[in-house]
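Residue-level structure breakdown
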Amino acid sequence: MKVFLIGANGQIGQRLAGLFQQDGTHTVRAMVRKEEQKEALQAAGTEAVTANLEGSAEDIAKAAQGCDAVVFAAGSGGSTGYDKTLLIDLDGAAKAIEAAKSAGIDRFVMISALQAHNRENWNESLKPYYAAKHYADKILEASGLTYTIIRPGGLLNDPGTGMVAAAADLERGSISRDDVAQTVLASLDEPNTHGKAFDLTAGGTPIKEALKQL
Ligand code: NAP
């Protein structure tokens, strides 16, 4: 499978680009928004293109042409305002979904956020972020694409353990970015994740087994 990785310069994105290279069962085309990021990836042997989630869905579709799956690992980050939350986490995700459809790509894996589906559990100070994630996920669910929505808890830079908890509802928790990246990779190959959305935290089940039990 050739994977179009949106947000490839991010903390999970970089881990994923590395995993795709090591794993060898998939190839990757990394989408980044700066020329120097593209050049760095290319120098490391990764196919890379520039496109911007604030640009047009047509440009994103052109950049994705020929890929078999999209992974959305982008996000506006904690240091921007809610204008960027709206433009990247919601509208950027919606454009990526639109682009996948117009490029004829059926498989889509979204990195969302723990409990984005459940308004009662939205952190008071982050409500606009959760609302953006919530509606991006809803758009994907209604898109007709073969989707998997992964909703990780608070992200940590601890080394991965390969063990997680994955379920439709996990009230709280955190997880290492390594384990999120491994879960994205394993989801691509696990048909039991098709059409499913699930919370993900650190836990006691090997990743592949956890995905089979969803
Ligand atoms: P990250 O390091 O902030 O990476 C996000 C990436 O998105 C960056 O590489 C950034 O590009 C890219 N991006 C931002 N705006 C863009 C645009 N207009 N066009 C193209 N790319 C753009 O994030 P992370 O820590 O890997 O997290 C990945 C995902 O997990 C995000 O969706 C986040 O919301 C979600 N999440 C986070 C937490 C948490 O605790 N932080 C918890 C659950 C879920 P640049 O490198 O050029 O800036």
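Every value quoted in this text rests on a predicted model; they were computed, and no experiment measured them.

The rules behind these values
- Residues numbered from 1 in each chain as written.
- Predicted model: local features only at pLDDT ≥ 70, side-chain atom pairs only at ≥ 80, totals over all residues.
- Heavy atoms only, no water.
- Near = heavy atom within 4 Å.
- Polar contact = N/O pair within 3.5 Å; in protein donor to acceptor, adjacent residues only side chain to side chain.
- Areas by Shrake-Rupley, 256 points an atom, 1.4 Å probe, with all protein chains shown as cover.
- 1 Å grid on protein atoms, 1.4 Å probe; cavity = no way out; pocket = protein on both sides within 12 Å on 5 of 7 lines; lining within 4 Å.
- Sits in = over half its atoms within 2 Å of the grid points.
- Helix = DSSP H or I, 4+ residues; strand = E, 2+ residues; numbered from the N terminus.
- Contact = heavy atoms within 4.5 Å.
- Axes fitted to C-alpha atoms, helices over the stretch in contact; angles between N-to-C directions.
- Parallel < 35°, antiparallel > 145°, perpendicular 65-115°, else oblique.
- Nonpolar A, V, L, I, M, F, W, Y, C, P; charged D, E, K, R; others polar.
- Phe/Tyr/Trp six-rings, centres within 6.5 Å; stacked < 30°, edge-to-face > 60°.
- Buried < 20%, exposed > 50% of the residue type's maximum accessible area, 1.4 Å probe, protein only.

1. Concerning the site of the ligand
Taken together, 25 residues lie near the ligand, and N9, N52, A74, Y129 and K133 sit nearest. Q11 is positioned with one of its backbone polar atoms (N or O) 2.9 Å from an oxygen atom of the ligand. The backbone of I12 places a nitrogen or oxygen atom 2.8 Å from an oxygen atom of the ligand. When the free accessible area of the ligand is taken as 920 Å², the share hidden by the protein chains comes to 82%. Structurally, the ligand is housed in the largest pocket.

2. Some details on the environment of R29
By the element assignment, R29 lies in strand β2 (residues 27-32). Between the alpha carbons of R29 and D179 there is a distance of 21 Å; along the sequence they are 150 residues apart. Those residues in contact with R29, other than ones at most four positions away along the chain, are K2, V3, F4, L5, E47, V49, A63, A64, Q65 and C67. A distance of 2.6 Å separates a polar atom in the side chain of R29 from a polar atom in the side chain of E47. A polar side-chain atom of R29 sits 2.8 Å from the main-chain carbonyl oxygen of Q65.

3. Some details on the packing of helix α4 (residues 82-102) against helix α5 (residues 127-141)
Running from amino to carboxyl end, α4 crosses α5 at an angle of 10 degrees, the nearest separation of the two axes being 9 Å. Classed by the angle they form, the pair α4 and α5 counts as roughly parallel. Between α4, through Y82, T85, D89, L90, A93, A94 and I97, and α5, the contact on the second element is made entirely by P128, Y129, A132, K133, Y135, A136, I139 and L140. For the contact of α4 with α5, the per-class residue count stands at twelve nonpolar, one polar and two charged.

4. Thoughts on the packing of aromatic side chains
According to the stated counting rule, one finds two aromatic pairs in the structure shown. When the centroid spacing of 6.2 Å and the interplanar angle of 15 degrees are considered together, the rings of W122 and Y130 count as stacked. Consider the rings of Y129 and Y130, whose centres lie 5.4 Å apart with planes at 70 degrees: the pair is edge-to-face. Judged by relative accessible area, which is 13%, Y130 ranks as buried. Members of the aromatic cluster, joined through ring pairs, are W122, Y129 and Y130.

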